[in-house]
Amino acid sequence: MNKLWKLLQYGYLLIAIICLVEGLIKLNSGEESERGTAIMLLIFSVFITLVFFFKRFFRKKVEKRNNQNK
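Here's a quick rundown of the structure. Here the structure is a predicted model, which means the values were calculated and not measured.

### Re the packing of aromatic side chains
And step 1. For the structure shown, the criterion picks out 3 aromatic pairs.
And step 2. Taking 5.7 Å as the distance between ring centres and 50° as the angle between the ring planes, the aromatic pair formed by tyrosine 10 and phenylalanine 52 counts as tilted. With tyrosine 10 in helix 1 (residues 2-28) and phenylalanine 52 in helix 2 (residues 35-69), the pair connects residues that are 42 residues apart, well separated along the chain.
And step 3. Arranged with centres 6.4 Å apart and planes meeting at 15°, the rings of phenylalanine 54 and phenylalanine 58 form a pair that is stacked. Of this pair, phenylalanine 54 and phenylalanine 58 both sit in helix 2, 4 residues apart, which is roughly one turn of the helix.
And step 4. Given a relative accessible area of 56%, phenylalanine 54 falls into the exposed group.
And step 5. A relative accessible area of 47% places phenylalanine 58 in the partly exposed class.

Put into structure tokens, the structure is as follows:
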């Protein structure tokens, strides 16, 4: 099960990278109507990156606790 969680954890990074690239493309397109969407995508990519680091920290903490109990 830990391998599945590790793979899902890196899925967060993949989504963050996609949102970051898409947000930068929309931001540089120059269209005023796309600016709001671009900013939301950039904020979402930062949020998802923070979720990645939080989940990784929590998973390592749980693994350490489980290894100490054995």
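### As for the side chain of serine 45
And step 1. If you trace the backbone, serine 45 turns up in helix 2.
And step 2. Dropping the residues within four chain positions of it, serine 45 is found in contact with Ala16, Cys19 and Leu20.

### Focus on the pattern of salt bridges
And step 1. As enumerated under the stated definition, the model contains 2 salt bridges in all.
And step 2. In this structure, lysine 26 engages glutamate 34 in a salt bridge whose closest nitrogen and oxygen atoms are separated by 3.1 Å.
And step 3. Look at lysine 26 and you get partly exposed, because its relative accessible area is 21%.
And step 4. In this structure, arginine 59 engages glutamate 63 in a salt bridge whose closest nitrogen and oxygen atoms are separated by 3.0 Å.

Quick notes on the rules
- Residues numbered from 1 in each chain as written.
- Predicted model: local features only at pLDDT ≥ 70, side-chain atom pairs only at ≥ 80, totals over all residues.
- Heavy atoms only, no water.
- Phe/Tyr/Trp six-rings, centres within 6.5 Å; stacked < 30°, edge-to-face > 60°.
- Helix = DSSP H or I, 4+ residues; strand = E, 2+ residues; numbered from the N terminus.
- Buried < 20%, exposed > 50% of the residue type's maximum accessible area, 1.4 Å probe, protein only.
- Contact = heavy atoms within 4.5 Å.
- Salt bridge = Lys/Arg side-chain N within 4 Å of Asp/Glu carboxyl O.

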